Amino acid sequence: MDTAPDQSRSGPPGGIDYTEVQQSEEFSELRTTYRSFAFPLTVAFIVWYLLYVLLSNYAGGFMSTKVMGNVNVAFVFGLAQFATTFLIAWWYSRHAAAKLDPKAEAIKSRLENDA
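Definitions and limits used
- Residues numbered from 1 in each chain as written.
- Predicted model: local features only at pLDDT ≥ 70, side-chain atom pairs only at ≥ 80, totals over all residues.
- Heavy atoms only, no water.
- Helix = DSSP H or I, 4+ residues; strand = E, 2+ residues; numbered from the N terminus.
- Buried < 20%, exposed > 50% of the residue type's maximum accessible area, 1.4 Å probe, protein only.
- Contact = heavy atoms within 4.5 Å.
- Areas by Shrake-Rupley, 256 points an atom, 1.4 Å probe, with all protein chains shown as cover.
- Axes fitted to C-alpha atoms, helices over the stretch in contact; angles between N-to-C directions.
- Parallel < 35°, antiparallel > 145°, perpendicular 65-115°, else oblique.
- Nonpolar A, V, L, I, M, F, W, Y, C, P; charged D, E, K, R; others polar.
- Expected span 1.5 Å × (residues − 1).
- Bend = angle between axes of the 7 residues up to and from the residue.
- Polar contact = N/O pair within 3.5 Å; in protein donor to acceptor, adjacent residues only side chain to side chain.
- Phe/Tyr/Trp six-rings, centres within 6.5 Å; stacked < 30°, edge-to-face > 60°.
- Core = buried A, V, L, I, M, F, W, Y, C linked by side-chain atoms within 4.5 Å.

(A) View of the overall build of the protein. When its secondary structure is counted, the protein shows four helices and two strands. From first element to last, N terminus to C terminus, the protein shows the α and β order α-α-α-β-β-α. Counting the 115 residues in the protein, one finds 18% classified as buried. Considering only contacts in the protein between residues 6 or more positions apart, those separated by 24 or more positions represent 54%. On the protein, roughly 8700 Å² of surface is accessible, and the fraction owed to carbon and sulfur atoms is 64%.

Laid out in C-alpha cells, this is it:
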C-alpha cells in the first residue's frame, strides 16, 4: 500500500493544480495586461526621477532659476515628483479595476467552481 502523496501535481492534496492555472491562456493574458501597463510606467517614472536627481546635481544654475517669487525650478520639479506619484497610483487603480480585476475574478471563479 503506497501512502505517499502524488508528486505530479502542485498545491495541496486534492486541491487545485496551480501550475496548470499558471500555464493557462487566461492567466497569461492577465499577466500580459499587467506587465504592459506596469513596466513602461515604471521605466518612465524611474527616468523622470533620475532626470530630477541628475539635474539637481549637475545643473545647479538651471535648477536654481526662479519661476515665481522664491519658487525655483528645483522646487517645482520636486512637487511634480509627488504629483506624478499620486497620478500613477490613481491611474493604476483605475486600470486594475477596469482590466485586471475582472480577469482575476474570472480565474478565481473558475478555480473555486472546479474545487
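(B) Summary view of the packing of helix α2 (residues 25–58) against helix α4 (residues 73–114). Orientation of α2 relative to α4, taken along the N-to-C sense of each, is 175 degrees, at an axis distance of 10 Å. It follows that α2 is roughly antiparallel to α4 by the angle criterion. Class assignment of the residues belonging to the contact of α2 with α4 gives a composition of 19 nonpolar, six polar and five charged.

(C) Fine view of α4. Spanning 42 residues, α4 covers 58 Å between terminal C-alpha atoms, matching the ideal 62 Å at 1.5 Å per step. Where α4 bends most, at Ala96, the angle is about 45 degrees. On its buried side, α4 packs onto α1 (18–22), α2, α3 (60–63), β1 (66–68) and β2 (71–72).

(D) Spatial organisation of the environment of Thr33. Tracing the backbone shows Thr33 in helix α2. Separated by 67 residues in sequence, Thr33 and Leu100 have C-alpha atoms that sit 7.1 Å apart. Apart from the residues lying within four places of it in its own chain, the contact partners of Thr33 are His95, Lys99, Leu100 and Lys103. Polar contacts involving the side chain of Thr33 include one to the side chain of Lys103, which spans 2.8 Å.

(E) How the structure looks around the packing of aromatic side chains. For the structure on display, the rule yields five aromatic pairs. Judged by centre distance (6.4 Å) and plane angle (85 degrees), the rings of Tyr34 and Tyr92 are edge-to-face. Of this pair, Tyr34 sits in helix α2 while Tyr92 sits in helix α4, placing them 58 residues apart in sequence. What makes Tyr92 partly exposed here is its relative accessible area of 33%. Between Phe37 and Trp91, the aromatic rings sit 5.2 Å apart at their centres with planes inclined by 80 degrees, giving edge-to-face as the arrangement. Linking Phe37 in helix α2 with Trp91 in helix α4, this pair joins segments that are 54 residues apart in sequence.

(F) Quick look at the nonpolar core. The biggest cluster of nonpolar side chains holds seven residues, and these are Ile16, Val21, Leu30, Ala96, Leu100, Ile107 and Leu111. It is α4 that contributes the most residues to this core, four residues altogether. When near neighbours in sequence (up to four residues on either side) are disregarded, Ala96 contacts Asp101 and Pro102. Within the second largest apolar cluster, five residues are counted, among which are Leu55, Ala59, Met63 and Phe77.

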